[in-house]
Amino acid sequence: MLHVESLHAGYDNLRVLHGIDLDVPAGDLLAVIGANGAGKTTVLRAVSGLIRPSSGRVTVDGRAVTGLRAEKVAAAGLAHVPENRLVFPSLTVADNLALGGWTRRSSRLTDDRDRVLDLFPRLRSRLAQPAGTLSGGEQQMVVIGRGLMAGPKVLVLDEPSVGLAPRLVAEIFAALARLRDEAGLAILLVEQNARAAFRVADRVAVMDRGRIATKGTPAELAGDDRVQRAYLGGGYSESSTVD
Ligand SMILES: Nc1ncnc2c1ncn2[C@@H]1O[C@H](COP(=O)(O)OP(=O)(O)OP(=O)(O)O)[C@@H](O)[C@H]1O
Ligand SMILES: [Mg+2]
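Model, not experiment: these values are computed from the prediction. (Residues numbered from 1 in each chain as written. Chains lettered and ligands numbered in written order. Predicted model: local features only at pLDDT ≥ 70, side-chain atom pairs only at ≥ 80, totals over all residues. Heavy atoms only, no water.)

J.: Where do I start with the nonpolar core in this structure?
T.: Here is a general trend for soluble globular proteins: nonpolar side chains tend to be buried in one another's company. Grouped together as the largest cluster of nonpolar side chains are 49 residues, with contacts concentrated most on L155, L176 and F198. The biggest single contributor to this core is helix α6 (residues 166-181), with eight residues. Mapped onto the domain boundaries, this core takes at least three residues apiece from domain 1 (1-77 + 152-236) and domain 2 (84-151). V4, V16, L17 and V43 belong to the second-largest nonpolar core, a separate cluster that totals 30 residues. (Core = buried A, V, L, I, M, F, W, Y, C linked by side-chain atoms within 4.5 Å. Buried < 20%, exposed > 50% of the residue type's maximum accessible area, 1.4 Å probe, protein only. Helix = DSSP H or I, 4+ residues; strand = E, 2+ residues; numbered from the N terminus. Domains from an automatic or database assignment.)

This is the structure in structure tokens:
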């Protein structure tokens, strides 16, 4: 569903990505972890058209989108939930969600919104509230919900758990698992919170200085001493669940 091949990208004279290969089939969640500055956000920006790759190939649902502008990539079926959790603070939750669906036929909007509210029931009683007055976790739900309103096939998220209480992180990750399992979305999740990511991911890619250093299932990588020490602090166990 999302296919990334030999992606190179950066900023002005700074080369950041040195050949990234990633594959996320429908119904699959790939987590990307790595140290600060490894290039995780840059991967998402280059995939979603916010920056232009210098070379490589990106396809969404079989369509080549390499080098297309973000709105074209979105139209091909990719929703990008960026890291800064930006809602339109003075607009209501309902209007924030509606903005994500502006390209959709109005007959679908109600269904789409119902699905978002089913996924994030907390938002239902807050539809008329200005989004800026929500808690951080609720704002994260609005931003994810807004992305879903466009009816994507691929969802990419940049550190949705940052600054949230564990219970909210668990709620958001449980919603991602449902989107994967019930809606069959392909999900690419960038996370600092490696332990939470390991619990939900089907596969994990570890980035180091613009490259994928290693890839595998959470169980495989948890058995890797280096990964264990650097990212899991010795605390991951295979039987952990998302709650
Ligand atoms: N807009 C920009 N202009 C110039 N350089 C940038 C820009 N954004 C990021 N960089 C640089 O690109 C490199 C990779 O940054 P990136 O944000 O992709 O890392 P990251 O893995 O997401 O880090 P973090 O975990 O801190 O979010 C860093 O050296 C960073 O300083
Ligand atoms: Mg980042």
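Still more ground to cover, so stick around.
J.: Just checking my understanding: could you explain unusual backbone geometry for this structure?
T.: What you tend to see is this: most non-glycine residues have negative phi, and most peptide bonds are trans. The phi torsion at E159 lies on the positive side, around 50°, for a residue other than glycine. Tracing the chain through its elements places E159 in the loop between β7 (154-158) and α6. Despite not being glycine, R209 has its phi angle at roughly 45°, a positive value. Along the chain, the position of R209 falls in the loop between β9 (203-208) and β10 (211-216).

J.: I would appreciate a short explanation of the site of ligand 1 in the present structure.
T.: The environment of ligand 1 is made up of 14 residues, and the closest members are G37, K40, T41, T42 and Q192. Contact distances for ligand 1 include 2.8 Å between an oxygen atom and a backbone N or O atom of G37. Contacts to ligand 1 include T41, whose side-chain N or O atom sits 2.8 Å from an oxygen atom. Taking 630 Å² as the accessible area of ligand 1 by itself, protein coverage stands at 62%. (Near = heavy atom within 4 Å. Polar contact = N/O pair within 3.5 Å; in protein donor to acceptor, adjacent residues only side chain to side chain. Areas by Shrake-Rupley, 256 points an atom, 1.4 Å probe, with all protein chains shown as cover.)

J.: What should I look at first to understand the confidence of the model for the protein in this one?
T.: Detailed conclusions should not be drawn from predicted coordinates in areas where pLDDT is low. Overall, the predicted model of the protein reaches an average pLDDT of 92, with 94% of residues at or above 70. Counting contacts from residues 239-243, a segment whose pLDDT is below 50, to residues more than four positions away or on other chains yields eight contacts. (pLDDT = per-residue confidence, 0-100. Contact = heavy atoms within 4.5 Å.)

J.: Is there a simple way to explain the sheet that holds strand β5 (residues 63-64) in this structure?
T.: What holds strands together in a sheet is hydrogen bonding between their backbones, with the strands either parallel or antiparallel. One open sheet holds the four strands; their spatial order is β2-β1-β4-β5, and the pairing between them is antiparallel. Looking along the sheet, the strands with just one partner apiece sit at the ends: β2 (14-24) and β5. Bridge count between strand β4 (residues 55-60) and β5: two bridges; the pairing is antiparallel. Directly across from T59, in β5, lies its bridge partner A64. Here helix α1 (residues 40-48) sits on the sheet and contacts β1 (2-11), β2 and β4; the angle it forms with β1, its principal contact strand, is near 110°. (Pairing = 2+ DSSP bridges. Axes fitted to C-alpha atoms, helices over the stretch in contact; angles between N-to-C directions.)

J.: Hey, could you run me through the sheet that holds β9 in this one?
T.: A sheet is described by the order of its strands in space; here six strands give the open sequence β6-β7-β8-β3-β9-β10, paired in mixed fashion. The open sheet has two free edges, formed respectively by β6 (78-81) and β10, since each of these has just one partner strand. Within the sheet, the average angular offset between the axes of one strand and its neighbour, ignoring direction, is 15°. In the sheet, β9 pairs with β10 via five bridges, with the strands oriented antiparallel.

J.: Which parts of the structure should I look at to understand helix α3 (residues 93-100)?
T.: An α-helical turn contains 3.6 residues, so a residue and the one three or four places further along point in the same direction. Residues V93, A94, N96, L97 and G100 constitute the buried set of α3. Projected down its long axis, α3 carries its buried residues within an arc of 165°, all on one side. (Arc of directions from axis to C-beta.)

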